[in-house]
Amino acid sequence: MTQQVTIRVPASTSNLGPGFDCLGVALQIRNSITLRKTTKRERVEPIVSKAADLFFKRTKRRRFEFSCSAVEKIPRSRGLGSSATIRLGILHALNELAGRPLDRLSIFRLGAELEGHPDNAAPASFGGFTVARREDFQRFEVAPRLKFVLLILDFEIQTAAARKILPIKISRKAAVESAGNACAITAAFASRDYEKLRGAFVDGLHQPFRARLIPFLPRVVLAAEKAGALGAFLSGSGSTICAVTLRNPRRVAAAMQRAVGSTSTEIVITAADNRGVQISR
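Since the model is a prediction, treat every value here as computed from it, not as a measurement.

A. Fine view of the nonpolar core. Within the largest apolar cluster, 30 residues are counted, with the highest numbers of intra-cluster contacts made by V25, F129, L146, I185, F189 and L197. Excluding anything up to four places from it in sequence, L197 contacts L146, I185, A188, F189, L230 and V244.

Below is the structure:
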């Protein structure tokens, strides 16, 4: 039986503006999580132990000790799904070491349960563009010509804090516009008619309120669009701002950086990851 396994899980950009807690795209940046069976208990981070507790509880498999190490390429608390990669990595690794009692769909559902929302767990698990509804999802391949320009800021935003500032109610007008735009985004990805993404990332569900945490968000979005991007949005709960473009990604990146001003940033230009979780035994 397998004694050691490495799981590679892609980053993801979620929400895409109006697709709050349901839309996401996997990106070609990966964290690698390695688990090895041991004979004695090792100290692990709480995110690891909670994932392990849920795995053994649901599978009813005999618990075993393990060591855990990670090579993290995805910055933490920047809205790029880093927590989802760790949770899914642990779940998939334990599944391999325990003889594969779960299929990939079941592991996705456990990951979404641990996350509290499925919009990162779905694309990270299966790759591509995903629409997640509670325990179900739909997936679409994303063409490599579509580029994602990530403006990664030098400060963290905790998801819990970003959720606390959201209002309990929003206007019907904002809800209708957001629903329409989320549908347009889904149709554009499903048909690969990416030009139809232009103007569809506007939302009234979370970004207007989270802009309090990132005051320059509106001008960065505008700068990206003026430079030729199809649109831009807050990635997850932030602090990364993501632009989507079919041409001139470096020009878009430079415009976004200028709009931020003196704030320290890092730029990553990448494409969608269509593979999802990868397992190396």
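What follows continues from the structure just given.
B. Broad picture of the pattern of salt bridges. A complete count under the given rule lists 14 salt bridges for this structure. With a shortest N-O distance of 3.2 Å, D136 and R109 are connected by a salt bridge. Of the two residues, D136 is situated in strand β5 (residues 136–140) and R109 in helix α3 (residues 104–115); the sequence distance between them amounts to 27 residues. Each of E45, E72 and R76 takes part in salt bridges that share partners, so that together they form one network.

C. Geometry of the environment of P101. In this structure, P101 sits in the loop between α2 (82–97) and α3. In this structure P101 comes out as partly exposed when scored by relative accessible area, which is 28%. Between the alpha carbons of P101 and K57 there is a distance of 12 Å; along the sequence they are 44 residues apart. If sequence neighbours within four positions are ignored, P101 has contacts with F55, T59, R61 and N95.

D. Up close: the pairing of strand β8 (residues 241–245). A large share of β8 lies buried, amounting to five of its five residues. Residues I241, A243 and T245 of β8 are buried on one face, and the alternating residues C242 and V244, pointing to the opposite face, are buried as well. Note that strand β6 (residues 147–153) and β8 share five bridges and pair antiparallel. Looking at β8, one finds that L151 is bridged to I241. Sheet analysis places strand β7 (residues 231–234) next to β8, joined by four bridges and oriented antiparallel. Among the inter-strand pairings, L234 is bridged to a residue of β8, identified as I241.

E. Focus on the layout of surface pockets. Roughly 700 Å³ of internal volume is contained in the largest pocket. Lining the largest pocket are 39 residues, and of these I47, S77, S82, S83 and R87 lie nearest its centre. Only α1 (46–59), β3 (65–71), α2 and α5 (159–164) provide two or more residues apiece to the lining of the largest pocket. Among the elements that make up the lining of the largest pocket, the one with the highest residue count is α2 (five residues). Residue classes in the lining of the largest pocket are distributed as 13 nonpolar, 15 polar and eleven charged. What the second largest pocket holds in volume is close to 230 Å³. In terms of lining, the second largest pocket is formed by 15 residues, of which the most central are F201, V202, D203, Q207 and V221. Broken down by secondary-structure element, the contributors of at least two residues to the lining of the second largest pocket are α7 (207–210), α8 (217–226) and β7. Among the elements that make up the lining of the second largest pocket, the one with the highest residue count is α8 (four residues).

Basis of the calculations
Residues numbered from 1 in each chain as written. Predicted model: local features only at pLDDT ≥ 70, side-chain atom pairs only at ≥ 80, totals over all residues. Heavy atoms only, no water. Core = buried A, V, L, I, M, F, W, Y, C linked by side-chain atoms within 4.5 Å. Buried < 20%, exposed > 50% of the residue type's maximum accessible area, 1.4 Å probe, protein only. Contact = heavy atoms within 4.5 Å. Salt bridge = Lys/Arg side-chain N within 4 Å of Asp/Glu carboxyl O. Helix = DSSP H or I, 4+ residues; strand = E, 2+ residues; numbered from the N terminus. Pairing = 2+ DSSP bridges. 1 Å grid on protein atoms, 1.4 Å probe; cavity = no way out; pocket = protein on both sides within 12 Å on 5 of 7 lines; lining within 4 Å. Points joined across faces, edges and corners; volume = space filled by probe spheres on them. Nonpolar A, V, L, I, M, F, W, Y, C, P; charged D, E, K, R; others polar.

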